[in-house]
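Here's the letter readout for the chains.
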Amino acid sequence: MTKYEAQAVILFDGVCNFCNGAVQWIISRDSNAYFHFASLQSKVADTLFTTYGIKEKRLDSIVLIEEGRYYTESSAVLRICKGLGGWWRLLYGFIVIPRPIRDVVYRWVAKNRYRFRGKKEQCMIPSPDIRKRFLDD
């Protein structure tokens with residue numbers, strides 16, 4: 001058991017502006033500070049990938065680790081919406097759509113994420129007020 005297992009952890013592409021915007025969006029709606037974050041490029045992500053037996057480290061997929069399991073692509077996004085509560089929780093209803101269909105949409109967005117918002121040379125540095133939500137290496 002790693003020290004991160006008691007938390008819901010979102011792993012994201014740390015150099016992707018679209019992904020960083022999504023993290024900021026989640027933080028602003030996560031009033032209970034349920035989610036914690038680490039970039040896919042971090043040692044924390046390497047540790048979690050090993051712990052959970054995630055074989056393929058793809059920078060184009062968000063990964064959610066929650067309650068001892070991991071979720072990727074559209075399943076991760078829908079579970080994040082569920083975890084945000086409020087009316088965002090209703091989006092989890094899209095889970096009834098077969099995953100291959102949901103993931104086609106997810107993969108199209110992921111493939112074009114740099115084109116939509118660009119990318120940075122390095123991972124984002126969180127502001128001091130949200131720093132505690134980001135897991136250290």
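Quick notes on the rules
Residues numbered from 1 in each chain as written. Predicted model: local features only at pLDDT ≥ 70, side-chain atom pairs only at ≥ 80, totals over all residues. Heavy atoms only, no water. Helix = DSSP H or I, 4+ residues; strand = E, 2+ residues; numbered from the N terminus. Buried < 20%, exposed > 50% of the residue type's maximum accessible area, 1.4 Å probe, protein only. Phe/Tyr/Trp six-rings, centres within 6.5 Å; stacked < 30°, edge-to-face > 60°. Lys NZ or Arg CZ within 6 Å of the ring centre and 35° of its normal. Pairing = 2+ DSSP bridges. Axes fitted to C-alpha atoms, helices over the stretch in contact; angles between N-to-C directions. Contact = heavy atoms within 4.5 Å. Expected span 1.5 Å × (residues − 1). Arc of directions from axis to C-beta.

Looking up the protein chain in an unreviewed UniProt entry gives the name Putative DCC family thiol-disulfide oxidoreductase YuxK, with the organism given as Hazenella coriacea.

Engineer: Break down unusual backbone geometry for me, citing the residues and quoting the values.
Structural biologist: Phi is positive for Ala-33, which is not a glycine, with a value near 50°. Mapping Ala-33 onto the fold places it in the loop between helix H1 (17-29) and strand E2 (35-39). Ala-33 sits in the partly exposed class, given a relative accessible area of 33%.

Engineer: Give me the lowdown on the packing of aromatic side chains, citing residues and values where you can.
Structural biologist: Under the criterion given, the structure shown has three aromatic pairs. Between Tyr-34 and Phe-35, the aromatic rings sit 4.9 Å apart at their centres with planes inclined by 75°, giving edge-to-face as the arrangement. Given a relative accessible area of 32%, Tyr-34 falls into the partly exposed group. Exposure remark for Phe-35: the relative accessible area of 0% places this residue in the buried category. Linked through ring pairs, Trp-25, Trp-87 and Trp-88 together constitute an aromatic cluster. The aromatic ring of Tyr-71 is capped on one face by Arg-79, whose charged end is 4.4 Å from the ring centroid. The ring of Tyr-92 is capped by Lys-82, whose NZ or CZ atom sits 4.5 Å from the centre of that ring.

Engineer: Now, about the pairing of strand E3 (residues 63-66): what can you tell me, with residues and values included?
Structural biologist: Across the two faces of E3 the burial is the same, with Val-63 and Ile-65 and Leu-64 and Glu-66 all buried. The pairing of strand E1 (residues 8-12) with E3 spans three bridges and is classified as antiparallel. Opposite Val-9, over in E3, you have Ile-65 as the bridge partner. Bridge count for E3 against strand E4 (residues 69-72) is four bridges, and the pairing is antiparallel. Paired with Ile-65 across the bridge in E4 is Tyr-70. The antiparallel pairing of E3 with E4 creates a hairpin that spans two residues between the two strands, and Glu-67 there sits at a positive phi of about 50°.

Engineer: Could you give an account of the sheet that holds E2, naming the residues involved and the relevant values?
Structural biologist: Neighbouring strands of a sheet are bound in pairs by backbone hydrogen bonds; such pairs are parallel or else antiparallel. Reading across from one edge, E2-E1-E3-E4 is the order of the four strands in this open sheet, with mixed pairing throughout. Each end of this open sheet is capped by a strand with a single partner; those strands are E2 and E4. Strand-to-strand twist across the sheet, computed as the mean angle between neighbouring axes with direction ignored, equals 20°. Here helix H2 (residues 43-52) sits on the sheet and contacts E1, E2, E3 and E4; the angle it forms with E1, its principal contact strand, is near 115°.

Engineer: Please give an account of helix H4 (residues 99-111) that cites residues and values.
Structural biologist: In an α-helix there are 3.6 residues to a turn, and that puts residues three or four apart on one side. Its 13 residues place the ends of H4 17 Å apart at the C-alpha level, agreeing with the 18 Å of an ideal helix rising 1.5 Å per residue. Those residues of H4 lying buried are Arg-102, Asp-103, Tyr-106 and Ala-110. The buried residues of H4 occupy one face: seen down the axis, they fall within an arc of 95°. The exposed residues of H4 that point more than 90 degrees off its buried face are Pro-100, Ile-101, Val-104, Val-105 and Lys-111.

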